[in-house]
Amino acid sequence: MSDQGSGYAAASELRGRIDTTTPHSARFWNYFVGGKDHYEVDRQVGDQIKEIFPGLVDVARTSRSFLGRVVRHLAVEQGIRQFLDIGTGLPTGDNTHEVAQRVAPDARIVYVDNDPLVLTHARALLTSTPEGATAYLDADLYDPAAILKAAGSTLDLSRPVALMILNTLGHVDPYERAQGLVRQLTDGLAPGSFLVVSDGTGTSPGMIAASAAYKESGAVPYHVRSVAEVTGLFDGLELLEPGVVRVTEWRPEPDAVPAQGRAVDAYGGVARKV
Ligand SMILES: C[S@@+](CC[C@H](N)C(=O)[O-])C[C@H]1O[C@@H](n2cnc3c(N)ncnc32)[C@H](O)[C@@H]1O
């Protein structure tokens, strides 16, 4: 694990880790949210999936809008000043620290991803306000103990933290493993902390076909889950209203990114550790 709060991995070492022959989640997702950090192989499978299921564009864009509303809610209404964002993805408009520090300049954010291209872009995630702090960990979701230990250099884990895992747990197989990882992470957080999860769901034939095509491409598969499975990730925690709902229905604001006329196949929620 390397902590990019203090230094950068050697460029040549990073280039060696970037695989341009297989689609990668962060780059594929960046293509869907309208970013520019992707390779031909990501665009090819992206275009194929857009043909099969154009609704995935909605899932990606409305999920980013969900992130913004949740972070604002947690900072403004719940007084949260610490965020641990695992499966960060490539920087795009309104990353967690930008949303949080706009309303709470003293907010501290730790980003975690295991994709080398995200690591090369980490500098864009480290533009903190002077009052707050941001750090980037090149680390694996499958190692919660290491994440918590390293996050503790930037965050005070004896105080509440918002743990955010958005559109990432579908990569964890089987489902019970994802549940276990979430439990290990939340066990390491103080009472008053929050868990934020969103995930693509197998709630339409198109979304199921998109997930199958993505797996077929050779990428690390994304397992679309049932709504009950997404809800089960919050077991033992106290869900905030309106519970686990389509991401477009979680406390919508007038300027929330709208879906293009179809129900979005992604569910999310926010829950408090009591
Ligand atoms: C679909 S993207 C979601 C990005 C962002 N959270 C969002 O919602 O826009 C999934 C991210 O999870 C990261 N990821 C996948 N498996 C991971 C793992 N085992 N450890 C850390 N990050 C992982 C990928 O590199 C990618 O950046």
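Okay, so let's go over this structure. Here the structure is a predicted model, which means the values were calculated and not measured.

1. Observations concerning unusual backbone geometry
Following D173, the chain continues to P174 via a peptide bond in cis, the omega torsion being -5°. Take P174: it is sitting in the loop between β5 (162-166) and α8 (175-187). Of the consecutive residues E241 and P242, the connecting peptide bond is found in the cis state with omega at 5°. Along the polypeptide, P242 turns up in the loop between β7 (238-239) and β8 (245-246). Phi is positive for N167, close to 55°, though the residue is something other than glycine. Summarising the element assignment, N167 is placed in the loop between β5 and α8. For N167, a relative accessible area of 12% corresponds to the buried category. The phi angle at R251 is positive, at roughly 40°, despite the residue not being glycine. Structurally, R251 can be placed in the loop between β8 and β9 (266-272).

2. What about the site of the ligand?
Around the ligand there are 18 residues in total, and G87, D113, L141, L166 and N167 lie nearest to it. A distance of 2.9 Å separates an oxygen atom of the ligand from a polar side-chain atom of N167. When isolated, the ligand has an accessible area of 590 Å², and the protein chains bury 94% of it. At three residues, the largest contribution of residues to the shell around the ligand is made by helix α2 (residues 25-32).

3. Points about the side chain of S211
Within the secondary structure layout, S211 lies in helix α9 (residues 205-216). The exposure class assigned to S211 is buried, which follows from its relative accessible area of 16%. Within the structure, the side chain of S211 is placed 2.8 Å from the backbone oxygen of Y222, a separation counted as a polar contact. If we skip the residues at most four places from it in the chain, S211 touches Y222 and V224.

4. A closer look at the environment of L74
You can see L74 is positioned in helix α4 (residues 55-76). Residues L74 and V161 lie 87 residues apart in sequence; the distance between their C-alpha atoms is 9.9 Å. When residues no more than four places from it in sequence are discounted, the contact partners of L74 are G79, I80, F83, A162, F194, V196 and V270.

5. Things to note about the pattern of salt bridges
A pair can form between side chains of opposite charge whenever their charged atoms are brought close. Throughout the structure, instances matching the rule amount to eight salt bridges. Here R72 ties to E253 by a salt bridge, and the two come within 2.9 Å at their closest N and O atoms. Placement of R72 in helix α4 and of E253 in the loop between β8 and β9 is noted, with a sequence separation of 181 residues between them.

6. Details of α9
With twelve residues, α9 should cover 16 Å at 1.5 Å per step; its first-to-last C-alpha distance of 16 Å lies within 8% of that length. When α9 is considered as a whole, its buried residues turn out to be G206, M207, A210, S211, A213 and Y214. Buried residues along α9 cover an arc of 165° about the axis, so they all sit on one side. In α9, the exposed residues that point more than 90 degrees away from the buried face are P205, K215 and E216. Positive backbone phi, approximately 95°, marks G218, located one or two places after α9.

Parameters and conventions
Residues numbered from 1 in each chain as written. Predicted model: local features only at pLDDT ≥ 70, side-chain atom pairs only at ≥ 80, totals over all residues. Heavy atoms only, no water. Helix = DSSP H or I, 4+ residues; strand = E, 2+ residues; numbered from the N terminus. Buried < 20%, exposed > 50% of the residue type's maximum accessible area, 1.4 Å probe, protein only. Near = heavy atom within 4 Å. Polar contact = N/O pair within 3.5 Å; in protein donor to acceptor, adjacent residues only side chain to side chain. Areas by Shrake-Rupley, 256 points an atom, 1.4 Å probe, with all protein chains shown as cover. Contact = heavy atoms within 4.5 Å. Salt bridge = Lys/Arg side-chain N within 4 Å of Asp/Glu carboxyl O. Expected span 1.5 Å × (residues − 1). Arc of directions from axis to C-beta.

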